[in-house]
Amino acid sequence: MRIRAIRLKNVRRFVDPVEIGGIGHGLNVLSAPNEQGKSTVFDGLHALFFKDAKSWDKDIRALVPHAGGDPWIEVDLEHAGAHYRIAKQFFKTAGKGEVRVWQEDRLLHQADAAENWLKTLIKPPKDGGPSGLLWVRQGLTSFEDAKETQQARRDLLSSVAGEVDMITGGQRMDAICRKVQSALDQLVTKRGAKKGGALDLAEREVADLQDRHDVLSAQVRELRELLENRRGLRAEQVELDDPEERTLREERLEAARAALEAASRHQDQLTRAGHAVQLAETLLENHARKVDILSQTLKEMEDARVAHAAAIDEERIARGALEAPTARLQALSEQVGAARAKAKAARQALDRALQATAAAQADELRRELTERIDKAQAQIAVIKAQAKPALTGPDQTMMQRIEAAQMAYALAVQAHQGAAAAVTVHYEKAAGAVLELNGQSVEDKVRYPLPDGGRIEVPGVAVIDIQPAQVDGAETVQKAEAELQDALAQVGYPTMEEARAAFDRRLAAAGQRQEAEALLAVLAPEGVEALRRQLAGLPTGPSDEQGAADQPEVLDRAAANAFCRAAESAVDRLVAEQEALRSVADAARLAAETARSRLEAAAQRLDRARTAAGDEEESKASLGALATELPDLQKDLSQAQATEAALRRAAPDMALVEATLKRAISAHETARQRSQEILRDLAVLDARISAHASAAVEEELAETEDHLARAKQRLDAVKFEVAVQKRLLSALEVARSGAKEHYVGPVMAELKPLLRMLWPEARLTVDADQVLPEGLERHGESADFDSLSGGTQEQIALLVRLAFARLLAKAGTPAPVILDDAIVYTDDARIEKIFDALTLQADDVQILVFTCRQKAFRSLGGTPISIRSVDSRG
């Protein structure tokens, strides 16, 4: 059996349908992050193959999504050269599950027959099936399900079961083994040397001597280090006390101090030169500022004199420009008054003409309103007449329910007839007889459903009774018919046709009423009373009692309008001319006032300039004297700047001079302090060296080394004895377990090549009764399987499962191996060898690997598969 595709819907996170397609013959890898549904797929497969469709136990309930729904699982597989499709759906209602099996496109089995076929395809683990051995759930690293899969393991090795008898023989060998084990127990236990035994005493003696040797060696090394340190300190003391070195340090210190004093004096000179430069700059700036102020004062007086003369001329011209527009404005004012009186008379004539026109229009509107009121009253009568019919009969909602019940009933009848037995007759051209079905002629090539059976009459030959097929659907038809009758009864009509006619009448009445309401809304938007109020408020013409002689002459509306426009246009023209002239006059007045203001400002500016300048001749003489003194002041500044620049160039680097002095002081002080420290350190070293020398540690170390060598020889002799006894016991065990190896030979033959890929030197022992790993021997040391690390147990468990998978394939009943994140404790180096083992077994066994370790499993290879939405399949 090999799986080709897996599909899920309403299974935990997969509410919408998903598919894993393209599953290959050998190694297939589904690599995806956590929480992507890999374990959900594993549990879905387990439910499909080993859970009855009618089950609703905790495992099936755990598959239901949070949003609810009925879990549905489908698998495409290949078995014995044929292709099958298996679909199973679980329902919350007990006994409602569905399961179907198709071979190619033909329905092969369903219900209980399909469940029995699945059990023959792959037995459940509880019945000795291999899936519990080969399908590894997430986090399973050992054989926790050993009891459940024991029958499957034994069945595979049943062909050699007769050799179990060889295991129970050899009582003499057992006695020898017990004697050797007893001697070995006097020396060692499972945890190591036996307390108080020869091996324990020898190990303790060696350990004690080794500890003493380590202590003495450390003391000798310390003594030698102390002597070397003392020699170094004495040599350093000689160098520090050298008279020439001491004199050189003192001379450097004095020279640094003298250099600092000279640099300080030069810095004072440079500071004084800087002050001289600042004084010269200040004198020059003050002198230049006096020259500028006096020059600007004389210039301002001349500019103010010129500006005052210009302002006098500007003011005279502005006064002359204001006289003409002022006189013209006075004449225009009189003309505007006369034009406005004429326009008022024209407006009164126009008002009389408009009133006459409005009276005529009111008569026309009165006739229109009277007609609209009559029509509105007619529509109100229609609305009242159709009010009751528009509410009689089924409404839209009830009619939709009746039609839905009618459709459901028709579909149920159609489905019932489609699933029922049917007959189709194909007449031959030469035949002349026509068959009859229930007394009616049967037409050629027409399908007649027989949900209730029937009778076919062959004239002159026979009568054939057809019994109704035992198919589900009659109950659905009856239920749909009952719902239809219930809906009709609620509206009080026995048939669909009568209900439809009543509904149509109701719609027609409602339509007429809506049409009348719409027309009424057009005729009287605010109601009939509003129209009546509007009619009552219309104006009437002049009373007949008023004589024509009392009324002014009423002009024609067009003539009155033309007369009024001409009069108003004349007013507008004169007003516009008046406004334009007023703007000109305002501008001239503003110009005159501005010129007067400028003249006053120019006079004030001239007065201020004369006051600031004082006597003009004396100011000019002072300006000449200041200009003559300016070159001398500039020369003084240049000389001061040159002196400062020369001192700055010759100035020493104060930071360097201070650093040199600081270094000289530090060197002198450091030498003094170091000399004192060496004297203290030498005193301490002399005391410690004297203490070690008096203890004679070097002689004691030599004596301890001799004792340690002899103790190690004794320990080696005891260890050799232990090794001999272990080797003898191992040889006896090998001889005794020979018969067991014949029994587990088939699985060991498949397992050895896989073990060599991970541990070339290792040997795995298998319990013959349980057919499971018992222990692992590496580098001459054995360990129980349960005491191995989680990673090693995981790797051995995986290899054993692969070996059993190969045995199943050779036995002609191949089953896929499914691993759901089963390789979780294996390190990066060994996982590559696990990948090689999976690839090797994939030649004969289909393997599905589900993993979240995307980066680590990139190098596994195989056929990549993924969980995809069914809608996204290309």
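Numbering of residues starts from 1 in every chain and runs along the sequence as written. Owing to the predicted nature of the model, reporting of local features is limited to residues with pLDDT of at least 70; listing and counting of side-chain atom pairs is limited to 80 or more, with chain, interface and lining totals taken over all residues. Water and hydrogen atoms were dropped before computing side-chain values, which therefore reflect all heavy atoms in the structure.

**Examining the overall build of the protein chain**
Short version of the rule: Numbered from the N terminus, helices here are DSSP runs of H or I no shorter than four residues, and strands are runs of E no shorter than two. The contact criterion used is simple: two residues touch if any of their non-hydrogen atoms lie within 4.5 Å. All accessible areas in this document rest on Shrake-Rupley with a 1.4 Å probe, and a residue is counted as covered only by the protein chains that are shown.
A tally of helices and strands in the protein chain yields 20 helices and 23 strands. Taking the intrachain contacts of the protein chain between residues at least 6 apart in sequence as the baseline, contacts between residues at least 24 apart amount to 73%. As presented, the protein chain carries roughly 52100 Å² of accessible surface, and 52% of it is formed by carbon and sulfur atoms.

**A look at helix H3 (residues 111-121)**
Operational definition: We call a residue buried when its accessible area falls under 20% of the maximum for its residue type, exposed when it is over 50%, and partly exposed in between, using a 1.4 Å probe and counting protein chains only. What the arc describes is the spread of directions from the helix axis to the C-beta atoms.
The set of residues buried in H3 consists of Ala114, Glu115, Trp117, Leu118 and Leu121. End-on view of H3: buried residues confined to an arc of 160°, all on one side of the axis. Where H3 is buried, its residues contact helix H1 (38-50), strand E4 (72-79), strand E5 (82-89), strand E6 (98-103) and strand E7 (106-110).

**Here we look at the nonpolar core**
Worth spelling out the cut-off: Each nonpolar core is a collection of buried residues, namely Ala, Val, Leu, Ile, Met, Phe, Trp, Tyr and Cys, held together in the definition by side-chain atoms within 4.5 Å.
If you look at the biggest cluster of nonpolar residues, it comprises 82 residues, and the most contacted ones within it are Ile6, Phe49, Ile86, Leu121, Trp135, Leu838 and Ile847. The element best represented in this core is helix H19 (residues 790-810), accounting for 10 residues. Membership of the second largest hydrophobic core comes to 16 residues, among which are Leu199, Leu708, Leu715 and Val722.

**Quick word on the environment of Arg801**
Position of Arg801 among the secondary structure elements: in helix H19. Along the primary structure Arg801 and Val136 are separated by 665 residues, whereas in three dimensions their C-alpha atoms are 9.2 Å apart.

**Remarks on the pairing of strand E3 (residues 27-31)**
Note on strand geometry: in a regular strand, side chains alternate between the two faces of the sheet. The line we're drawing: For two strands to pair, DSSP has to find at least two bridges joining them.
With 4 of 5 residues buried, E3 lies mostly within the body of the structure. Pairing of E3 with strand E22 (residues 863-865) involves 3 bridges; the strand directions are parallel. For Leu30, the partnering residue across the bridge sits in E22 and is Ile865.

**Observations regarding the confidence of the model for the protein chain**
For the record, the criterion: Per-residue confidence from the predictor is reported as pLDDT, which spans 0 to 100.
Looking at the protein chain, pLDDT values average 78 and 87% of them are 70 or higher. Residue range residues 151-171 is modelled with pLDDT below 50. Its contacts to residues more than four positions away, or to other chains, number 32 contacts.

**Description of the sheet that holds strand E16 (residues 462-466)**
Read from one edge of the open sheet, 4 strands run E13-E12-E15-E16, paired in antiparallel fashion. What marks the edges here is a single partner per strand, and that holds for strand E13 (440-441) and E16. Bridging between strand E15 (residues 454-458) and E16 involves 5 bridges; their strand directions are antiparallel. Paired with Ile456 across the bridge in E16 is Ile464.

**Details of H1**
Keep this limit in mind: To estimate how far a helix should extend, the number of its residues minus one is multiplied by 1.5 Å.
Over its 13 residues, H1 runs 19 Å from end to end, which matches the ideal 18 Å to within 8%, given 1.5 Å per residue. For H1, a buried count of 11 out of 13 residues is recorded, marking the element as mostly surrounded by other parts of the structure. Inspection of H1 places Lys38, Thr40, Val41, Phe42, Asp43, Gly44, Leu45, Ala47, Leu48, Phe49 and Phe50 among the buried residues, and these make up the whole buried set.

**Observations regarding unusual backbone geometry**
Phi is positive for Arg12, close to 50°, though the residue is something other than glycine. Judged by relative accessible area, which is 26%, Arg12 ranks as partly exposed. A positive phi angle, close to 65°, is found at Glu35, a residue other than glycine. Within the fold, Glu35 resides in the loop between E3 and H1.

**A few points about the sheet that holds E6**
Operational definition: To get an axis, fit a line to the C-alpha atoms, keeping to the stretch in contact for a helix; angles then go from 0 to 180 degrees between the N-to-C directions.
Taken in spatial order, the 7 strands make up an open sheet running E7-E6-E5-E4-E1-E2-E23, and their pairing is antiparallel. What marks the edges here is a single partner per strand, and that holds for E7 and strand E23 (868-869). Contacts from H3 reach E4, E5, E6 and E7 within the one sheet, and its direction differs from that of E7 by about 90°.

**Describing the packing of aromatic side chains**
How two aromatic rings sit relative to each other is set out by the distance from centre to centre and by the angle between their planes. For the record, the criterion: Ring pairs are drawn from Phe, Tyr and Trp, using the six-membered ring of Trp, whenever the two centres fall within 6.5 Å, and their geometry is named by plane angle: stacked under 30 degrees, edge-to-face over 60, tilted for the rest. The rule for a charge over a ring is simple: NZ of Lys or CZ of Arg within 6 Å of the ring centre, and within 35 degrees of the ring normal.
Across all of its chains, the model carries 3 aromatic pairs by this definition. It is Arg85 that lies over the ring of Trp102; its NZ or CZ is 4.0 Å from the centre.

**Topic: the packing of H19 against helix H20 (residues 828-841)**
Our working definition: Relative orientations are named as follows: roughly parallel for angles under 35 degrees, roughly antiparallel for angles over 145 degrees, roughly perpendicular for angles from 65 to 115 degrees, and oblique for any other angle. Three classes are used, and their members are as follows: Ala, Val, Leu, Ile, Met, Phe, Trp, Tyr, Cys and Pro are nonpolar, Asp, Glu, Lys and Arg are charged, and the others, Gly among them, are polar.
Closest axis-to-axis distance for the H19/H20 pair is 11 Å, and the angle between their directions is 5°. Compared by their axis directions, H19 and H20 come out roughly parallel. Where H19 abuts H20, its residues Thr792, Gln795, Leu798, Leu799, Leu802, Ala803 and Arg806 lie against Arg830, Ile834, Ala837, Leu838 and Gln841. The class makeup of the residues in the contact of H19 with H20 is 7 nonpolar, 3 polar and 2 charged.

**Here's the deal with the environment of Ser866**
Mapping Ser866 onto the fold places it in the loop between E22 and E23. Sequence separation of Ser866 and Asn28 is 838 residues, and the distance between their C-alpha atoms is 10.0 Å. Among residues more than four places away in sequence, those in contact with Ser866 are Glu19, Ile20, Gly21 and Leu30.

**A short note on the pattern of salt bridges**
How we decide: The salt bridge definition used is simple: a Lys or Arg side-chain nitrogen within 4 Å of an Asp or Glu carboxyl oxygen.
By the definition in use, this model includes 26 salt bridges. Between Arg7 and Glu19 there is a salt bridge, with its nearest N and O atoms 2.8 Å apart. Residue Arg7 is found in strand E1 (residues 2-9), and its partner Glu19 is found in strand E2 (residues 18-20); the two are separated by 12 residues along the sequence. Residue classification places Glu19 among the buried residues on the basis of a relative accessible area of 8%. A salt bridge links Asp486 to Arg401; its shortest N-O distance comes to 3.1 Å. Taken together, the positions of Asp486 in helix H10 (residues 474-491) and Arg401 in helix H9 (residues 396-419) put the pair 85 residues apart, joining distant regions of the chain.

**A short note on the environment of Glu721**
Within the element layout of this structure, Glu721 appears in helix H16 (residues 697-736). A relative accessible area of 39% means that Glu721 is categorised as partly exposed. Residues Glu721 and Leu184, 537 residues apart in the sequence, show an inter-C-alpha distance of 8.8 Å.

**Focus on the side chain of Asp200**
The following threshold applies: What qualifies as a polar contact is a pair of N or O atoms within 3.5 Å, subject to a donor-acceptor requirement within protein and to the restriction that residues adjacent in sequence count only when both atoms come from side chains.
Mapped onto the secondary structure, Asp200 falls in helix H7 (residues 198-240). At 2.9 Å, the side chain of Asp200 forms a polar contact with the backbone nitrogen of Gly196.

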